[in-house]
Amino acid sequence: MQTLAHQPRPALNAPVLVLNRLWQAIHICSVARALGLVYRGRARVVREARGEYEVFSFEEWCADTAEGGDGEPRLHSVSLCVRRPQVILLGSYDRLPRPEIRFSRHQVFVRDRFTCQYCRQRLDHALLNLDHVVPRHRGGETSWTNVVTSCHPCNRRKANRTPEEAGMPLLRAPRKPRWHPFPELRHQASVEPSWRHFLESTGWTPDAAAACG
Ligand SMILES: [Zn+2]
């Protein structure tokens, strides 16, 4: 154990991917929380080895840590030395997060990255407005595909005209945003290799993350 003390100590708030009973990635939590769940028997640690997945109870994971020799970081406390889990599997809880983003003023701003879709200025919430691409009185719907973020001056200038009529081309055509199960990973181009398999089934790809950034 003497040599282990000299290894870098991973923080207890390092992220751990949480899978539900159906092995679907549903959440990211801290190492501390993950170990708590595993300790109470509510989850097991998942580890991939040569394309196979092994699951470990708390006791098994501690025993596996003691066997050691794989160079993975350990977590130390006064009475415990345990390998950091990267993925855990819950024993219950099947719920998947909300499958779509609800249309709202704020979510339109988020989709458009707080950028006026006409003059391309990125502005504070208070300086932005919603604009109907096809004006409401001409049948334009209040929907993801007809509402964009606009600054107040552009909103007034466009008035009751279409972008073509006003000569104000849109920065990009408005779309319904793709739901993302892990907003915290949106701008992250790389994740733990052990997470990839599970994240890919949620639609996450390194390319998509990079494109969002
Ligand atoms: Zn503008």
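Residues numbered from 1 in each chain as written. Predicted model: local features only at pLDDT ≥ 70, side-chain atom pairs only at ≥ 80, totals over all residues.

K.L.:
Where do I start with the overall build of the protein chain in this structure?
P.N.:
In terms of helices and strands, the protein chain carries seven helices and nine strands. Considering the protein chain as a whole, with its 213 residues, one finds that 22% of them fall into the buried category. Taking as baseline every contact in the protein chain between residues at least 6 positions apart, the subset at least 24 positions apart corresponds to 56%. (Helix = DSSP H or I, 4+ residues; strand = E, 2+ residues; numbered from the N terminus. Buried ≥ 20, exposed ≤ 12 C-beta atoms within 10 Å, placed from the backbone. Contact = placed C-beta atoms within 7 Å.)

K.L.:
What is the right way to look at the nonpolar core in this model?
P.N.:
Core analysis: the biggest nonpolar cluster contains 22 residues, and Val 16, Leu 17, Leu 19, Ala 34, Val 38, Val 87 and Ile 88 have the highest contact counts within it. Of all elements in the fold, only β1 (15–19), β2 (25–30), α1 (31–39), β3 (43–49), β7 (87–90) and α6 (193–200) reach the threshold of two or more residues within this core. Setting aside residues up to four positions removed in sequence, Ile 88 forms contacts with Val 16, Val 18, Leu 19, Ala 34, Leu 37, Val 38, Ala 43, Arg 44, Val 45 and Val 46. Core analysis: the second largest hydrophobic core is formed by five residues, Cys 116, Leu 128, Cys 151 and Cys 154 among them. (Core = buried A, V, L, I, M, F, W, Y, C linked by C-beta atoms within 7 Å.)

K.L.:
Help me understand the sheet that holds β3 in this model?
P.N.:
In any sheet, the strands associate via hydrogen bonds between backbone groups, in a parallel or an antiparallel arrangement. If you trace the five strands from one edge of the open sheet to the other, you get β2-β1-β7-β3-β4, paired in mixed fashion. At either end of the open sheet lies a strand with only one pairing partner, and these are β2 and β4 (52–56). Sheet twist, expressed as the mean angle between neighbouring strand axes with direction ignored, is 35°. Across five bridges, β3 lies against β4 in antiparallel orientation. Across the sheet, residue Val 46 finds its bridge partner in β4, namely Val 55. Contacting β1, β2, β3 and β7, α1 runs over the sheet at an angle of about 110° to β2. (Pairing = 2+ DSSP bridges. Axes fitted to C-alpha atoms, helices over the stretch in contact; angles between N-to-C directions.)

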